[in-house]
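Residue-level listing of the chains:
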Amino acid sequence: MVGPQTQRQAVGVMRSEAAVSERRACGLVKVHRATCRYRRRRVEDPRLRERLRELAATRRRFGYRRLKILLKREGFAVNHKRVYRLYVEEKLGLRRKRGRRRMPTTAARVPLKLPGRPDEVWTMDFTQDAFASGRKFRTLNLMDGFTRDAPRIEVDTSLPGQRVVRVLEELKRRGRKPEAIVIDNGTEFTSQVVDQWAYENQVQLHFITPGRPMENGFIESFNGKFRDECLNENWFLDLADAREKIETWRCDYNQVRPHSALGYLTPEEFAKSWAATGRGKDAGGARLENASRFPLSHNPDGCQRVVTTAVLENPNPEKVSLSLD
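A brief look at the structure comes next. (Residues numbered from 1 in each chain as written. Predicted model: local features only at pLDDT ≥ 70, side-chain atom pairs only at ≥ 80, totals over all residues. Heavy atoms only, no water.)

Some remarks on the side chain of Thr147
In step 1: Of note, Thr147 is situated in the loop between strand 2 (136-144) and strand 3 (152-156).
In step 2: Judged by its relative accessible area of 3%, Thr147 is buried.
In step 3: Among the polar contacts made by the side chain of Thr147, one reaches the side chain of Asp149 at a distance of 2.5 Å.
In step 4: Discounting residues that sit within four places of it in the chain, Thr147 has contacts with Pro118, Leu262, Pro267, Phe270 and Ala271. (Helix = DSSP H or I, 4+ residues; strand = E, 2+ residues; numbered from the N terminus. Buried < 20%, exposed > 50% of the residue type's maximum accessible area, 1.4 Å probe, protein only. Polar contact = N/O pair within 3.5 Å; in protein donor to acceptor, adjacent residues only side chain to side chain. Contact = heavy atoms within 4.5 Å.)

Right, here's the structure in full:
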């Protein structure tokens, strides 16, 4: 019996069944009499519990921390402990799918350098899903490593290197062009058209080591959120339906979804804040979202910052693009 409520119930059962005094029953259960006599004085707001259930039903893959941010935006005076208690009582938590265990590698990981301004380093990768008919489609995901915003998610059944260049050119016409792009060694990215575009636009292509996606952690983290919150949560009828739903999620990700690595600001809010103050993630007090912490002691307004150092240089000189010349 680890909870006070359970202990009070045990004392009540012992007093009614064994006809012992409250003092004797509390001594046998090893609970203070004050705990046994305690009556909760907190007045619960039924609107808070109902709104939490509604948000959890809409944002099924959001944890209690992000739901707390959304509740505070709507004017509810709550902290993470209260939201966590209601979150547990309502049984809103979803079990995470655990992958198979892998043997630890002895090779040293290559850390990534944290960018210091918008459009300094982008990351780019593909994901795959299927329509209701079973036909597969692909998405080209692009993300700014500094503001964490997703400038584009291109959806189609085929995305060759020429299509990648077309997407980058369209973003360039809108005023978005990175200084460097971190990518894997897929045939679309190693194609001559992509390399030629990078050379002509003075964009450095940094290829990760083959078979080591953790060297491109920004886009891998984004892909996980994208699959968990969008691809796994929707049923796509055709290409037009997939494009509409994925674009809706992308706008929500940039403008509404609080990002823990940005101090629970949205990417759009963080970009505006940086443009106004000129302060980056480290100066602004943002934290890494994978920092270890106890659930109830998490405080996005006062926890200790975690800063990592990294380099962009590729340890494999054979994989350096011609655009670096």
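Some words on the packing of aromatic side chains
In step 1: All told, the structure shown has 12 aromatic pairs when counted by the stated rule.
In step 2: Between Tyr64 and Tyr84, the ring centres sit 4.8 Å apart and the planes meet at 65 degrees, which makes this aromatic pair edge-to-face. Of this pair, Tyr64 sits in helix 5 (residues 64-73) while Tyr84 sits in helix 6 (residues 80-89), and the two are 20 residues apart along the sequence.
In step 3: Residue classification places Tyr64 among the buried positions, given a relative accessible area of 7%.
In step 4: Judged by relative accessible area, Tyr84 falls into the partly exposed class, the value being 24%.
In step 5: Plain terms: the ring middles of Phe226 and Trp249 are 5.2 Å apart, the flat faces sit at 50 degrees to each other, and that makes the pair tilted. One end of the pair, Phe226, is in helix 9 (residues 217-231); the other, Trp249, is in helix 10 (residues 239-255), and 23 residues separate them in sequence. Of the two residues, Phe226 and Trp249, both sit in the buried class. (Phe/Tyr/Trp six-rings, centres within 6.5 Å; stacked < 30°, edge-to-face > 60°.)

Some points on the environment of Gly145
In step 1: With respect to the helices, strands and loops of the structure, Gly145 is situated in the loop between strand 2 and strand 3.
In step 2: For Gly145, a relative accessible area of 0% translates into the label buried.

A look at the pairing of strand 1 (residues 121-130)
In step 1: With eight of 10 residues buried, strand 1 is to be regarded as a mostly interior element.
In step 2: Two elements, strand 1 and strand 4 (residues 180-183), share three bridges in a ladder whose sense is parallel. The residue bridging Thr123 from the neighbouring strand is Val182, located in strand 4.
In step 3: Sheet topology places strand 1 next to strand 2; nine bridges connect them, and they run antiparallel. Bridging from a neighbouring strand, Thr123 pairs with Met143 of strand 2.
In step 4: Where strand 1 folds back onto strand 2 in an antiparallel hairpin, the turn is made up of five residues, including Gly134, whose phi is positive at roughly 100 degrees. (Pairing = 2+ DSSP bridges.)

Details of the pattern of salt bridges
In step 1: Scanning the entire structure with this criterion turns up 30 salt bridges.
In step 2: Asp228 is paired through a salt bridge with Arg61; the nearest N and O atoms lie 2.8 Å apart. Pair noted here: Asp228 is in helix 9 and Arg61 is in the loop between helix 4 (46-58) and helix 5, with a separation of 167 residues, a long-range link. (Salt bridge = Lys/Arg side-chain N within 4 Å of Asp/Glu carboxyl O.)

Topic: helix 9
In step 1: With 15 residues, helix 9 extends 20 Å from end C-alpha to end C-alpha; this agrees with the ideal 21 Å at 1.5 Å per step.
In step 2: Buried within helix 9 we find Phe218, Ile219, Phe222, Asn223, Lys225, Phe226, Glu229, Cys230 and Leu231. (Expected span 1.5 Å × (residues − 1).)

Looking at the pairing of strand 3
In step 1: Most of strand 3 is tucked away: five of the five residues are buried.
In step 2: Burial along strand 3 is two-sided: the residues Arg152, Glu154 and Asp156 and Ile153 and Val155 are all buried.
In step 3: Bridging between strand 2 and strand 3 involves five bridges; their strand directions are antiparallel. Within strand 3, the position partnered with Asn141 by the bridge is Ile153.

Notes on the nonpolar core
In step 1: Ranked by internal contacts, the top residues of the largest apolar core, which has 20 residues, are Met124, Leu140, Leu142, Val164, Leu168, Ile181 and Phe189.
In step 2: Breaking this core down by element, the ones donating at least two residues are strand 1, strand 2, helix 7 (161-173), strand 4, helix 8 (192-200) and strand 5 (204-207).
In step 3: Sorting elements by how many residues they give to this core places helix 7 first, with five residues.
In step 4: Counting 17 residues, the second-largest nonpolar core is a separate cluster that includes Phe218, Ile219, Cys230 and Ile246. (Core = buried A, V, L, I, M, F, W, Y, C linked by side-chain atoms within 4.5 Å.)

Side note on the side chain of Thr127
In step 1: Here Thr127 lies in strand 1.
In step 2: Polar side-chain contacts of Thr127 include one of 3.5 Å to the side chain of Asn141.
In step 3: Look past the residues within four positions of Thr127 in its chain and what remains in contact with it is Phe137, Arg138, Thr139, Asn141, Asn223, Phe226, Arg227 and Leu231.

A word on the sheet that holds strand 5
In step 1: Judged by pairing direction, the sheet is mixed, and its five strands sit side by side in the order 3-2-1-4-5 without closing on themselves. If you trace the sheet from one side to the other, it starts and ends with strand 3 and strand 5, each paired once. Each strand axis lies, on average, 25 degrees off the axis of its neighbour in the sheet, ignoring direction.
In step 2: Sitting on the sheet, helix 9 touches strand 1, strand 2 and strand 3, and the angle it makes with strand 1 is about 35 degrees. (Axes fitted to C-alpha atoms, helices over the stretch in contact; angles between N-to-C directions.)

Notes on the packing of helix 5 against helix 6
In step 1: It is the contact of helix 5 with helix 6, at a shortest axis distance of 9 Å, that shows an interaxial angle of 115 degrees. Along this stretch, helix 5 crosses helix 6, giving a crossing that reads as right-handed. Between helix 5, through Tyr64, Leu67, Lys68 and Leu71, and helix 6, the contact on the second element is made entirely by His80, Val83, Tyr84 and Tyr87.
In step 2: Among the residues making up the contact of helix 5 with helix 6, the classes are represented as six nonpolar, one polar and one charged. (Left-handed = near helix turned anticlockwise from the far one by under 90°. Nonpolar A, V, L, I, M, F, W, Y, C, P; charged D, E, K, R; others polar.)

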